[in-house]
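Residues per chain are reported as follows:
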Amino acid sequence: MTTRDSALQTFVDAAEAAFGHYAQDDASRVSIDRCFAALREVAPTGDQAGHRLTVCEEWLPQAIQPDTLPAPLLPLADAFLVIEPQIHWRPRTGDTTNASENFAQGHANAMIFGPGGIEPRTDVWLGASLLAPHVRYPDHTHPPEETYLVLTDGEFSQNDGPWFTPGVGGSFHNTPGILHAMRSGESPLFAFWLLRAKDI
Ligand SMILES: [Fe+2]
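Attention in this report is confined to the structure presented alongside it.

Cut-offs used in this document
Residue positions are counted from 1 within each chain, in the order its sequence is given. Per-residue local features of the predicted model are confined to residues with pLDDT of at least 70, and side-chain atom pairs are confined, for both listing and counting, to 80 or more; whole-chain, interface and lining totals are unaffected and use all residues. Only hydrogens and water are set aside when side-chain values are computed; all heavy atoms of the structure are taken into account. Pairing between two strands is assigned when DSSP locates at least 2 bridges connecting them. Helix and strand labels come from DSSP, where a helix needs a run of H or I of at least four residues and a strand needs a run of E of at least two; each type is numbered from the N terminus. Each axis is a line fitted through C-alpha atoms, and for a helix only the stretch in contact is used; angles between axes span 0 to 180 degrees, taken between their N-to-C directions. Any pair of residues with heavy atoms lying within 4.5 Å of one another is described as a contacting pair. Pairing of aromatic side chains here covers Phe, Tyr and the six-membered ring of Trp, requires ring centres within 6.5 Å, and sorts the geometry by plane angle: under 30 degrees stacked, over 60 edge-to-face, intermediate tilted. Classification of residues uses two cut-offs on accessible area relative to the type maximum, computed with a 1.4 Å probe and protein chains only: under 20% is buried, over 50% is exposed, and between them is partly exposed.

1. Looking at the sheet that holds strand β3 (residues 145–150)
At step 1: In spatial order, the strands read β1-β2-β7-β3-β5; together these five strands make up an open sheet with antiparallel pairing. A strand with exactly one partner marks an edge of an open sheet, and here the two such strands are β1 (107–113) and β5 (171–174). Mean inter-strand twist for the sheet, computed between neighbouring axes without regard to direction, equals 20 degrees.
At step 2: Pairing analysis gives six bridges linking β3 to strand β7 (residues 189–196), with the strands arranged antiparallel. Bridge assignment links V150 to a residue of β7, and that residue is A191.
At step 3: Relative to the sheet, helix α2 (residues 26–39) contacts β1, β2 (124–131), β3, β5 and β7, its axis offset from that of β7 by approximately 75 degrees.
At step 4: On the sheet, helix α3 (residues 54–63) packs against β1, β2 and β7 and is oriented at approximately 95 degrees with respect to β2.

And the structure:
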């Protein structure tokens, strides 16, 4: 039987608690429950070495300051920083509709569970996005439903609707296929996302 590294399991447990604590609606709660139920089954660790992009060196320390976070987010932030050196940070691939000109250098995505992640798998994707200040992420869409958990300031939109600010601990659900985007303001944006990719 495959066993999960204890630091990675600590991250899973902290993520389950934080996503559950901040979930705003039944669609989120159902999706979160299914995702973490699936994550109880451990998949083999991948062979990708950790790799940081320049934007991570520049902005991650400001984006995640555990001391400033509310108590329900603290274990998640701490656990993330422990496993962060194992993450192979990557820029987004694919189209860049409505992205800001500084997008390419101004963002990084971290896959923890999912393709190319610390624990590669196809059923659940759990990762995070980091945006430097004044970066707009492209409009994008994907078949899996998705729940966000936001650790910083920053704005989001769904279906070309008005920008909204979930704030620290903010959480919302993206239905399958919905168009969505995010953008940072004066400070970096950092948000976790959880996608239930199987059964879609
Ligand atoms: Fe998304």
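2. A short note on the packing of aromatic side chains
At step 1: Within this structure, the stated rule accounts for 13 aromatic pairs.
At step 2: Taking 6.3 Å as the distance between ring centres and 50 degrees as the angle between the ring planes, the aromatic pair formed by F19 and F36 counts as tilted. Here F19 is found in helix α1 (residues 6–22), whereas its partner F36 is found in helix α2, with 17 residues between them in sequence.
At step 3: Taking relative accessible area as the criterion, F19 reaches 0% and is therefore assigned buried.
At step 4: Three or more aromatic residues joined by ring pairs form one cluster here, namely F11, F80, W89, F190 and F192.

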